[in-house]
Amino acid sequence: MTWIFALSAVAVAGLAVLVWPAVRVLTAARELHAEVKRARGRLRVPE
């Protein structure tokens with residue numbers, strides 16, 4: 001029974017290690033989207 005708890009803890013720790021980079025990637029993607037949106041607004045040609 002102890003092994004089950006130990007393996008579960010290791011699995012959760014492994015997932016936590018993957019969550020942090022995923023959060024950073026999503027944050028960077030949002031910032032990039034905002035930057036592209038601003039650049040498009042600046043480059044838009046008035047009619």
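Residues numbered from 1 in each chain as written. Predicted model: local features only at pLDDT ≥ 70, side-chain atom pairs only at ≥ 80, totals over all residues. Heavy atoms only, no water.

How do you make sense of the overall build of the protein chain when you look at a structure like this?
Regarding its fold elements, the protein chain presents 1 helix and 0 strands. Viewed in the frame of its principal axes, the protein chain has a C-alpha envelope of about 70 × 10 × 5 Å. Taking all 47 residues of the protein chain together, the buried fraction comes to 0%. Approximately 4900 Å² of the protein chain is accessible, and the part contributed by carbon and sulfur atoms is 71%. (Helix = DSSP H or I, 4+ residues; strand = E, 2+ residues; numbered from the N terminus. Buried < 20%, exposed > 50% of the residue type's maximum accessible area, 1.4 Å probe, protein only. Areas by Shrake-Rupley, 256 points an atom, 1.4 Å probe, with all protein chains shown as cover.)

Looking at this model, I keep getting lost on helix H1 (residues 2-43). Mind explaining?
Given 3.6 residues per helical turn, the α-helix brings residues three or four places apart onto the same face. The end-to-end C-alpha distance of H1 is 62 Å, a good match for the 62 Å that 42 residues give at a rise of 1.5 Å each. Summarising burial for H1: 0 of the 42 residues are buried, a small minority. (Expected span 1.5 Å × (residues − 1).)

Explain the pattern of salt bridges here, please?
It is possible for side chains bearing opposite charge to pair when their charged atoms get close. Per the stated rule, a full pass over the model turns up 1 salt bridge. With its nearest N and O atoms 2.5 Å apart, the salt bridge here joins Glu35 to Arg38. In this pair, Glu35 and Arg38 are both assigned in helix H1, 3 residues apart and thus about one turn of the helix distant. Judged by its relative accessible area of 44%, Arg38 falls in the partly exposed class. (Salt bridge = Lys/Arg side-chain N within 4 Å of Asp/Glu carboxyl O.)

Everything listed here is a matter of coordinates, which is why it stays silent on function.
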